[in-house]
Amino acid sequence: MTETRLTAVLTALAEQSRPATIDPATWRKGKRRRRIRVVTAVAAVLMVIAAGPLLLSGSGWQSMPPADQQRPIVPSRVYPPLTGEDTIVEAPGGPAAILVAGDRELRGSDIWGWEGRSLIVGQNGSYRLARTVGETTAGAGGLLLSPDGRYLAGMPWIEGTHWPSSGEQQVAIVDLSTGKAVLHSGGGPVAWAPDGRSILVEESVPDRPQWVGSLRLLDVQTGELRQLPPVNGRARAGNYAAFSADGARLAIATETDLYVIGLGDSSWRKLATLSSRDRIAGPGAWLPDGSRIAVYYIGGCEEPPCDETQLSQRLFQVEYLDAQTGQPTAGPQLAPAMGLAARMLGWQRDGDAVVAVYSPEMDAVRRTGDTYWSETDWWTVGGVELLEFRADGSRHRLVELPASALFVEVPADLLDRFGGPSPTVFEGAVRIVLAVYWPVGQVGELCLVIVIASVVTGWRRRRRRQRNVTGNEV
Amino acid sequence: MEADRASFEVYVQARTAALSRVAYLLTGDHHLAEDLVQQTFLRVAGVWQRVAAQGDPDPYVRRVLYHQHVSWWRQARRLTQVSLSGADRPVDDRADQIGVTLVVQRALAKLAPKQRAALVLRYFEDLTEAQTAEILGCRVGTVKSQVRDGLARLRQLAPELADLLEVKA
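All chains use their own residue numbering, which begins from 1 and follows the written sequence. Note on labels: chains are lettered from A, ligands numbered from 1, in written order. Only residues with pLDDT of at least 70 get local features here, since the model is predicted, and only at 80 or more are side-chain atom pairs given and counted; chain-wide, interface and lining totals rely on the full set of residues. Calculation of side-chain values draws on the structure's entire complement of heavy atoms; hydrogens and water are dropped beforehand.

The name given to chain B in an unreviewed UniProt entry is RNA polymerase sigma24 factor, with Rhizocola hellebori as the source organism. UniProt positions are given in the numbering used here, feature names are shortened, and annotations may be inferred rather than shown by experiment. Looking at chain B in UniProt, the text filed under Sequence similarities (unreviewed entry) is "Belongs to the sigma-70 factor family. ECF subfamily."

As annotated in an unreviewed UniProt entry, chain A carries the name WD40 repeat domain-containing protein and is attributed to Rhizocola hellebori.

The structure is reproduced here in structure tokens:
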């Protein structure tokens, strides 16, 4: 009964109310308010997404430097770069310890005009981006680090350079300590000489890009060019030249022959015949004493067609050729590398080899008659590992690379200095998490721009309309 | 789009008076009640298509109304200082209908908004505890305690209504 009384009292009280006068424009205003709220919320989320990496990268929150700055060390783990990571031009990080190129967050986006954003980890632990107009490789015909890590060589599409309007083939040499780039004529980069003062460049023949073009030795300080003897034949892009450790000889491999050029007197001679299954092992093919040249013999699918599985199971067995006679000879017994391709960077003092081993891209196929197919092309490679092949037959990973890494390059002078400190686990985790949403972040940043532009445009349009209405009423 | 707009306007026309009554009980002020109903319809308009598609819009609209009311209180606490239209009138000790109404009105204004909302939902809108909990976005136990505390507070504020307030919370 009393419940009924309270209800009755409340009802009586409610009867004193007056029906609200509802604005006839409630529907339009409500819809508009909803739109504004949604846009604001989306913009806020996008700003958080975009601002996170930018704040982290701009806060000076960088990797831990090596304990001994006088003895640079290659970090044991490399994490992905942040979205707004400084570039080598914006904030030079000094000489490099390692260079990683690849896909996803290492690829960049055409939205901003840079499709290549290779990561350079400095000898001081800094993370910097080397941005290029297109996707690029590291080591295999793309970006090359000088032996001391101070210079980065590449085609003149690196940030800070301009592609020559004349169409002349040039090489860009970027000083990683200053961020300054210098262009030199003579051709694109092939391999650094061991002393780091000169680099082998090649001016390719336009209608025969896979043939060895005109080879020259470029002095990077003076820009002086020295023409080398001509070598005729098709070469495997990104892997056909190797300097001896003393810099006195240069091995050039075509698909059929191995030549040795004496750099003192510009002499040259054919050292050996190569089969389709033979490859010069890489820029570190010469053994340190200069007596032998390492060659990979490929087991598995070499003659097309080869599917992804077959390409991933190829075996690269090291063999040695006498540098004087070209005859097979003995050398360190290394386990074979398995994968799409292998590229020997060099040798350590204890006789172990440092090798980048590539795996094929998903669904990669080598088709019959595909004359442009390259086993170290950006579109063919799907992953990379940097391994140490020991003389006892064992293999060990030297650096843990980001999942999106496709190519890796280490300065020749640092091949004995692995195992250095990496960013903290926390920083690494953040970098990995941010890399996961890298594509989303890119699209998000674009959406943010579009949303802001739309809001501003809509606001101006409404203002104009209101002004017109007011003017008409007046 | 036009059909949605038409159905919304029909709904507004049909429900404005009822919602105004609830809003008045919650705010105790004609102007605030009008604002509350207006704000509620503004919010509902933005999502009307989705709300209407679910069937009966009433539960959602009611939820928006009550939450908007609590939100106002949280933002400015202005609803705690509402001026009741009948607050200055002398209270009739004989506890006749008019007098009781005025006393309840004044006492309601001094309750916390959630307590007021719980009492209005339970005793004016005649909803169950479960329905009240759903609208307020809380557990049934919370509704029970809000009602119990609200009634206790009313008794404290208006001892003359003790008989009226002997209800089962």
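Please clarify how the pairing of strand β23 (residues 353-360) of chain A should be interpreted in this entry.
Remember that side chains alternate between the two faces of the sheet whenever the strand is regular. All names here are of chain A. Only protein chains enter the accessibility calculation, which uses a 1.4 Å probe. A residue is then buried if its area is under 20% of the maximum for its type, exposed if over 50%, and partly exposed in between. Helix and strand labels come from DSSP, where a helix needs a run of H or I of at least four residues and a strand needs a run of E of at least two; each type is numbered from the N terminus. Of all eight residues making up β23, seven are buried, and the element is well covered by its neighbours. Where strand β22 (residues 341-347) lies against β23, six bridges are found, and the strand directions are antiparallel. Bridging from a neighbouring strand, Gly346 pairs with Val354 of β23. Two strands qualify as a pair provided DSSP detects at least 2 bridges between them. Counting the residues that bridge the hairpin from β22 to β23 gives five residues, and of these Gly351 lies at a positive phi of roughly 90°. Examined bridge by bridge, β23 and strand β24 (residues 381-389) share eight bridges and lie antiparallel to one another. Bridge pairing in β24 places Val355 opposite Leu387.

Explain the sheet that holds strand β12 (residues 225-227) of chain A to me, please; I cannot follow it from the model alone.
One key point about sheets: their strands pair by backbone hydrogen bonds, in either a parallel or an antiparallel sense. Residue and element names in this part refer to chain A. Read from one edge of the open sheet, four strands run β9-β10-β11-β12, paired in antiparallel fashion. Of all strands in the sheet, those with a lone pairing partner are β9 (188-192) and β12, marking the two edges. Geometrically, the sheet is characterised by an average inter-axis angle of 35° between neighbouring strands, direction not taken into account. Inspection of the sheet shows strand β10 (residues 198-203) paired to strand β11 (residues 214-219) by six bridges, in the antiparallel sense. Residue pairing for β11: Ile199 is matched across the bridge by Leu218. Working convention: axes come from line fits to C-alpha atoms, limited for helices to the stretch in contact. Angles between N-to-C directions cover 0 to 180 degrees.

How do you make sense of the packing of aromatic side chains when you look at a structure like this?
Aromatic ring pairs: the centre-centre distance and the angle between the two ring planes describe each pair. Only rings of Phe, Tyr and Trp enter the pairing, Trp through its six-membered ring, and a pair is recorded when the two centres are within 6.5 Å. The plane angle decides the type: under 30 degrees is stacked, over 60 is edge-to-face, the rest tilted. For the structure on display, the rule yields 11 aromatic pairs over all chains. A ring pair is formed by Trp27(A) and Phe8(B), whose centres lie 5.3 Å apart and whose planes are at 50°; its orientation type is tilted. Pair noted here: Trp27(A) is in helix α2 (residues 26-58) and Phe8(B) is in helix α1 (residues 2-27), and the two residues belong to different chains. Neither residue differs from the other here; Trp27(A) and Phe8(B) are each classed as buried. Between Trp378(A) and Trp379(A) the ring centres are 4.6 Å apart and the planes differ by 75°, which places this aromatic pair in the edge-to-face class. Relative accessible area serves as the criterion here: at 52%, Trp379(A) is assigned to the exposed category.

What exactly am I supposed to notice about the sheet that holds β22(A) here?
All names here are of chain A. Read from one edge to the other, the open sheet built from four strands follows the order β22-β23-β24-β25, with strand pairing classed as antiparallel. Either end of the sheet is taken by a strand with one partner, and the two such strands are β22 and β25 (395-399). The mean angle between the axes of side-by-side strands here comes to 35°, regardless of whether they run parallel or antiparallel.

Could you clarify how one ought to interpret the packing of helix α7 (residues 129-136) of chain B against helix α8 (residues 140-157) of chain B in this entry?
In a pair of packed helices, the angle between the axes and the distance between the axes together describe the arrangement. Residues and elements named next belong to chain B. For the pair α7 and α8, interaxial distance at closest approach is 8 Å and the crossing angle is 100°. Classed by the angle they form, the pair α7 and α8 counts as roughly perpendicular. For the pair formed by α7 and α8, the contact residues are Glu129, Ala130, Thr132 and Ala133 on the first element and Val140, Val143 and Lys144 on the second. Throughout this description, any angle smaller than 35 degrees is read as roughly parallel, any larger than 145 degrees as roughly antiparallel, any in the 65 to 115 degree range as roughly perpendicular, and the remainder as oblique. The contact definition used throughout considers only heavy atoms, calling two residues in contact when any of these lie within 4.5 Å.

Hey, could you run me through the interface of chain A and chain B in this one?
Interfaces are often described in size by the accessible area the parts lose on coming together. In this assembly, 29 residues from chain A lie in contact with 41 residues from chain B. Note on terms: buried area is the combined drop in 1.4 Å-probe accessible area of two parts once they are placed together, counting the loss on both. Per-residue buried area on chain A facing chain B is highest for Leu6(A), Leu13(A) and Trp27(A); these three make up 21% of the total on that side. We count a salt bridge whenever a side-chain nitrogen from Lys or Arg sits within 4 Å of a carboxyl oxygen from Asp or Glu. Viewed at the interface, chain B and chain A are joined by zero salt bridges. Residues adjacent in sequence count toward polar contacts only when both atoms are side-chain atoms; beyond that, a polar contact is any pair of N or O atoms within 3.5 Å, and within protein one must be able to donate a hydrogen and the other to accept it. Viewed at the interface, chain B and chain A are joined by five residue pairs in polar contact (both at pLDDT 80 or more).

What should I look at first to understand the nonpolar core in this one?
In globular proteins that are soluble, nonpolar side chains generally tend to be buried together. Side-chain atoms within 4.5 Å are what join buried Ala, Val, Leu, Ile, Met, Phe, Trp, Tyr and Cys residues into a set we call a nonpolar core. With 85 residues, the main nonpolar core has Ile98(A), Leu152(A), Leu258(A), Ile293(A) and Leu386(A) as its most contacted residues. Membership of the second largest hydrophobic core comes to 53 residues, among which are Val9(A), Leu19(B), Tyr24(B) and Val44(B).

Explain unusual backbone geometry to me, please; I cannot follow it from the model alone.
Working note: non-glycine residues mostly have negative phi, and peptide bonds are mostly trans. All names here are of chain A. In this chain, Pro304 is followed by Pro305 through a cis amide linkage whose omega measures 5°. The residue Pro305 is located in the loop between β18 (292-299) and α3 (308-312) in this model. At Ser266, a position not held by glycine, the phi torsion is positive, near 60°. Relative to the assigned elements, Ser266 resides in the loop between β15 (257-262) and β16 (267-273). The exposure class of Ser266 is partly exposed, given its relative accessible area of 27%. A positive phi angle, near 65°, is found at Asp363, a position not held by glycine. Along the chain, Asp363 falls in the loop between β23 and β24.

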